[in-house]
Structure formats: C-alpha cells, structure tokens
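# Observations on the model geometry
If you want the building blocks of each chain, they are given just below.
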Amino acid sequence: MPSPSARSTTGSAGSQSLLRYRKWCCPLQARAAATYSSQHPLLPGRNYNSQQVSGGRCVITSHVPASRRAVPCRACRGCRPQRRVGAAAMLEEAGEVLESVLKASCLPLSFLLFVPAVLLLLGPPPAAEAAHEFTVYRMQQYELGGQPYGTRSAVLNTEARTVEADVLSRRCVMMRLLDFSYEQYQKALRQSAGAVVIILPRAISSVPQDVVKQFMEIEPEMLAMETIVPVYFAVEDDELLSIYEQTRAASASQGSASAAEVLLHTATANGFQMVTSGAQSKAIHDWLIPSVEGRLTGLGGEDLPTVVIVAHYDSFGVAPWLSHGADSNGSGVSVLLELARLFSRLYTYRRTHAGYNLLFFASGGGKFNYQGTKRWLEDNLDHTDSSLLQDNVAFVLCLDTLGRGNSLHLHVSKPPKEGTLQHAFLRELEMVVASQFPEVKFSMVHKKINLAEDMLAWEHERFAIRRLPAFTISHLESHRDSLRNSIMDRRSQVDTKALTRNTRIIAEALTRVIYNLTEKGAPADLQIFTDQMQIQEEQLESVMDWLSSQPRAAQLIDKDSTFLSTLEYYMGRYLKDVKQHHVKADKRDPEFVFYDQLKQVMNAYRVKPAIFDLLLAVCIAAYLGVAYVAVQNFGLLYRMIQRLSLKTKQQ
C-alpha cells in the first residue's frame, strides 16, 4: 500500500490529471468520472501513475458498466504504467485532435453525413424529369423524275446550339423564324451541322408580313438543294422557347468571353441533347395518289360538247405536315365545289338544262408535276374507248389560287382563235369584269410550254400537251409566285369576299358561254346568280375553313383518308358518277418516290457538356493523388496538425 503522503501526492497529481482528462474526453465521460470515482478503489498489487489515479480511485474505469467494473477499462487494461506509443497512439491522438478541431469550429460531426444528401437534393434532376417532349415536322423528302429533293436524313441525336456559337459542327442548330435567314441556314450547313430545327410561332397569322414574304422566297431554295442532315420544324411553346433562350445565351457567351471564362461557363452550364424517336426514313414504293371526278350530263344528243373544270386539292410547302395550302389550292377547290352546286341546280330543271356536259375533276399530285391529271388523261385517252375527253371537249378550265387580290389572269399556252369556245369564254370574262366588277384588273397571260423544265408551270399544260384546249385562271400573274408552294399559305391569306367575287365572275362568264346569252342579246351587266341562285359566301367560307384546317400534302392523303372521303361525299351531293382515280408509281422507272418519317417526336434532355466530364475526371484524379500523398506522408501531416492544434489551444 502506498504511504499516506504518497497517496496525497498521488491524489494531487491525479486531481490535476483528472482536470486534464476532462479536457480531452467527452462531457459524458467527464460526468461519469465525477459520479463513480468514489466507487472504485485502487486494486492491490497494481502500480498506477499520476494520470490514472485521483484520490485513491481509478477514474478511467468510471465509465465501465456495473457488470464489468471488476475488469480494468480499455485505457488502463493490464494497468500498464506507461502511455501507448507508436502508430496506434498517433491515430488515437489524431482522432482527438480532429474532434477538438470540430468543436473549435462549431461544426457537428454529423454535418459531414448530411453533406452528400444535400448535394444530391440540390443537384440536377434525373434525365427523365429534365426532358421536354414536343412534335417536330421534317422537311420534304421526295424524288421527282429521278432527281432528289429536300433532306435525306431523319435521325437526330446531338447537342443543341444556336447560330451565335462559333462551332456548329455535329450540333443541332436551333433557329427562330423571326430571326431566320438563308445566310444563317447556309452557314450551319457549311459548318457540317448535325441537324437544323426551325421554331415557328404558334400563330402564323401573327408573323409580320415582311418575315412571311422573306421565308416564302427562301422555301424553294431550301428544297432545291439536297440536304444531307435532317431539317425539322417545331411549333413554339413555353418550354421550347426556354430551351432556345438558354442555348442562345450559352452560345453567345462563347464568342464574347475569354478562354478561361468560356471553359468555366462550359463546364458549369447545362446543355440540351436533342433526340428523335423515329427511325431512318425509307422510300414508299406503293403509295397511291387519289383523284375524284364527277359529272353533269347535258341535255340533247350523244355528241355534246364537254366543259372540264379542274382544281388540284393537294398543298405543298417545305414541310408536308405544315402545308395547309389555303389559297393554293384550297381556294380553287372551293370554287369548283361551289360551281358544282350552282350548275347542279340549273341542270335539275329541264328549262335550264344546258346542252353541255360538265366534267368536274379534283386532281391529286398537283404539286408533283400534276401526276394525278397525267394518269387521268392517260386512262381516258389511251386505255378506254368511251370517254367524255375523247369526244368533243370544248375547253378545260383549271382553277388555281383565287382567294385574294384585285386581279384575275387567264394563263394560256396558246392564244385562243376567234370563233372558238375558248375565245368566247375569254370574251365573256372580259365583259363581266368590265361591266360588273370594274375594280378588278383582268388580263390574258401567254406562256409557251417548256418541256425542258422539270416542272410544268400550270395544270392546263398537262391538257395542252395532249392537244386539248385549256387555260388556268388565277389571281397570280406568274407561276413562280412563292405563295403557291409555302407553309405560310394559311387561312389568313384568303379573303372570303375576294373569293366570293371571283367565284361569281367565273360562274357568270361560264353560264353566258354555255347558254349562249351574248348571242341571244343578253345585256353585259345582266346578273344571273342572284336571289335564290346567288353565290353563298357562308358556304364558301366554311369550305375554306375545312380545307385549310388540315395539311393536304400528297404524301399524307391516301385513298382511305378522311379528307378524301369527305370530298367524295361533298361532290356526290351535286354530281353524278362520282368515283376515284389512283396513281401508283412504276416500280421500274418511278416518276415520283415519297419517303416516310415526316412527323416525329423529339426529346430535349438536359445534360452536362463533354468538357464537364473531362474536368470531373481531372478533379477525381487530383483528389486521389492528394489522398495518396497524405497516406504516404502521414507522420509529417500528423505533426503539422498537432502543432496547429496546440496553437489553437494556447490561443
């Protein structure tokens, strides 16, 4: 047993050690030492140093549960007289240093556990949540006479950029119609862009007229050149506009900032990956182009003259699914149906039943060199013995773009000779316009057929090639007018009052020819279609609304389409022997070839750019390198931390 003096000395030293111990241990251990130190006397036969003894009690064993009080504690097991040394002691003291640093910095140890969760919550959402899905419409892809037109690809999976970016190679270049120009479009193609997406406004009618006119002039040039990359059109919405603005801001910053700023912005900014859901486009070799015909048989003998009234119903534009063709040629079909209604009423009564056969033909494939009319003529002139086209054709009247303007032009391939019914119709048109509609400018436009061109100018040229007298009436003076082949040809382009007026001019002139009213002395200002027989403006307007509410591209209308069945039903209300004619391309030498995948779903995924992955890999490599160096030089690092900790305690 130690002497009382030794106990006193030991107890004094132990008390100081206890104070030191309380500085290093947790508050729970300090309270446990103060509470239970009196319950554990010194064990006989053991040697204790001053750091293990306080007032004759083992303070280090005070935190041991009651069931294990007879066993020495972990720190004094075996009652070793000396403190631990070596790597284990260094790690233990390093832990104590780290704990003291955390306490001094007022950061709880559990804070480190929540940091990864917080970073996950604040990080970008998963790709499925960051995707915006929208419908896109592909540019025309077809072959006509062996010549390819439009885009040649449909698959898209690349990162989005705008034309403001310096590098567009293998990127999806996004453009807005309001900022679109042919120079920017060519720039994207010259830099080997991966795709082009042109964003259209929700309402085409709200686009300024100068923008509409400019784009109408660009469309033929876009189709004339063969484009390898896919070109799509999309109707804007809030999400798509947001994607465009973010992409534009990122692209613009690259050209005005320094290299370091560009690198930092590129690494931290979010990009968008544009992906289409469809497959590569394929040729459709068995596509049928339908047409519809109907007739009103004249009163009299078998060899009656026939007047043929023709209008092609299909529309055309840079993108088939956006081609509504209001004026070209919805207006022509509207006039044809109204003429069918008017003359069906006249042919109902014997007193007004004329001695002319009237043949009405709504042709398909008009925008593809009038393929429907060509095959119809071949079937009626070459492959049958009895046809109204073989007997006595007075003339063929083709209706095209009649929905606006204060002018009318009669386009002919050969000026009509005097004494013929063609010349009589021309004279009646001039008389009706001059006497009843002096505000309208009327003229005849003569243009010879150029067989060297890939496309015929007007539909009447198909009949003229087969030596049938024909002409086209239109408010356009030139066949090259961009309105005839544009997705901008919408319902707002048609003036219902002008359409009604032009319908009346044509109906009055045609009636005067068929009933020979001029030769019978009828005055020039005689108005035939009045009262119950007047032109129904409301019906013309409703037909125009129906026609312009849907795309009518030849690639979209087959023999079972709703549009064609409705058109056939409408013609069947007024005409007899209504039936369809179909055109199918020859497999050996096809005159036309259509392709699919014209409408797809595109997804815009929010992604980090490739440079972000590179910088992330560099950061991970740097972290692993620092950790490796720290492990290899742990002793030096430990001593540095110990010195810093001592300085902190002293302060």
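Per an unreviewed UniProt entry, the protein chain is named BOS complex subunit NCLN, and its organism is Pavo cristatus. One UniProt comment on the protein chain, placed under Subcellular location (unreviewed entry), says "Endoplasmic reticulum membrane". What UniProt states about the protein chain under its Sequence similarities (unreviewed entry) heading is, verbatim, "Belongs to the nicastrin family."

Broken down by element type, the protein chain carries 17 helices and 21 strands. Residues classed as buried in the protein chain amount to 47% of the 651 residues present. Contacts in the protein chain between residues far apart in sequence, at least 24 positions, make up 79% of those at least 6 positions apart.

Let us look at the packing of helix H13 (residues 496-514) against helix H14 (residues 537-548). Viewed as axis vectors pointing N to C, H13 and H14 meet at an angle of 115 degrees, and their least axial separation amounts to 10 Å. H13 and H14 meet at a crossing whose hand is right-handed. Touching Thr496, Lys497, Leu499, Thr500 and Thr503 of H13 are Glu537, Leu540, Glu541 and Met544, all from H14.

This brings us to unusual backbone geometry. The omega torsion of the bond from Ser328 to Asn329 falls at 5 degrees, within 30 degrees of zero and hence cis. Checked against the element boundaries, Asn329 lands in helix H9 (residues 326-346). The phi dihedral of Asn369 falls on the positive side, at around 65 degrees, and the residue is not glycine. Among the secondary structure elements, Asn369 is positioned in the loop between strand S14 (357-363) and helix H10 (371-381). What makes Asn369 buried here is its relative accessible area of 11%. Phi at Arg467 takes a positive value of approximately 60 degrees, unusual for a residue other than glycine. Structurally, the position occupied by Arg467 is in the loop between helix H12 (460-465) and strand S18 (470-474). Since its relative accessible area comes to 76%, Arg467 is described here as exposed.

Before going further, it helps to examine the environment of Phe471. You can see Phe471 is positioned in strand S18. Considered as a pair, Phe471 and Trp458 are 13 residues apart in the sequence and their alpha carbons are 8.5 Å apart. Each residue touching Phe471, except ones within four places of it in the same chain, is listed here: Phe395, Val396, Leu397, Cys398, Leu410, His411, Val412, Gln422, Phe425 and His460.

Going through the model one piece at a time under the given rule, you end up with 20 salt bridges. Salt-bridge contacts for Glu338 lead to Arg341; the nearest nitrogen and oxygen are separated by 2.6 Å. With a gap of three residues between them, Glu338 and Arg341 both fall in helix H9, about one helical turn apart. Its relative accessible area of 5% is what places Arg341 among the buried residues. The closest approach of N and O atoms between Arg512 and Glu428, which form a salt bridge, is 2.9 Å. Residue Arg512 is found in helix H13, and its partner Glu428 is found in helix H11 (residues 421-436); the two are separated by 84 residues along the sequence. Overall, Arg512 belongs to the buried group, its relative accessible area being 1%. Of the residues examined, Glu428 reaches a relative accessible area of 2% and is grouped as buried. Through salt bridges that share partners, Glu143, Arg152 and Glu226 make up one connected network.

Let us now look at the nonpolar core. In terms of nonpolar packing, the biggest core is built from 67 residues, with Tyr347, Phe360, Leu399 and Phe425 touching the most fellow members. Counting residues per element, this core draws most heavily on H9, at ten residues. Not counting residues within four places of it along the chain, the set of residues in contact with Tyr347 comprises Leu296, Thr297, Gly298, Thr352, His353, Ala354, Tyr356, Leu358, Ile514 and Tyr515. Grouped together as the second largest cluster of nonpolar side chains are 45 residues, Val173, Ala188, Val231 and Phe316 included.

Bringing a nonpolar patch on the surface into the picture now. Residues Leu616, Ile620, Tyr623 and Leu624 make up a contiguous nonpolar surface patch of roughly 430 Å² in combined accessible area. Note on placement: Tyr623 falls in helix H16 (residues 610-632).

For Ser328, the location among the structural elements is in helix H9. At 2.7 Å, the side chain of Ser328 forms a polar contact with the side chain of Lys367. Other than its neighbours up to four places away in sequence, Ser328 contacts Ser315, Lys367, Asp400, Thr401, Leu483, Arg484 and Asp489.

Looking now at the packing of aromatic side chains. Tallied over the full model, the rule gives 18 aromatic pairs. Plain terms: the ring middles of Phe316 and Phe368 are 5.7 Å apart, the flat faces sit at 80 degrees to each other, and that makes the pair edge-to-face. Of this pair, Phe316 sits in the loop between strand S13 (306-312) and H9 while Phe368 sits in the loop between S14 and H10; the two residues are 52 residues apart in sequence, bridging distant segments of the chain. Here Phe316 falls in the buried class, since its relative accessible area comes to 7%.

Basis of the calculations
Residues numbered from 1 in each chain as written. Predicted model: local features only at pLDDT ≥ 70, side-chain atom pairs only at ≥ 80, totals over all residues. Heavy atoms only, no water. UniProt positions renumbered as here; feature names shortened; annotations may be inferred. Helix = DSSP H or I, 4+ residues; strand = E, 2+ residues; numbered from the N terminus. Buried < 20%, exposed > 50% of the residue type's maximum accessible area, 1.4 Å probe, protein only. Contact = heavy atoms within 4.5 Å. Axes fitted to C-alpha atoms, helices over the stretch in contact; angles between N-to-C directions. Left-handed = near helix turned anticlockwise from the far one by under 90°. Salt bridge = Lys/Arg side-chain N within 4 Å of Asp/Glu carboxyl O. Core = buried A, V, L, I, M, F, W, Y, C linked by side-chain atoms within 4.5 Å. Patch = residues over 30% accessible without salt bridge, like charges linked within 9 Å, V, L, I, M, F, W, Y side chains within 5 Å. Areas by Shrake-Rupley, 256 points an atom, 1.4 Å probe, with all protein chains shown as cover. Polar contact = N/O pair within 3.5 Å; in protein donor to acceptor, adjacent residues only side chain to side chain. Phe/Tyr/Trp six-rings, centres within 6.5 Å; stacked < 30°, edge-to-face > 60°.

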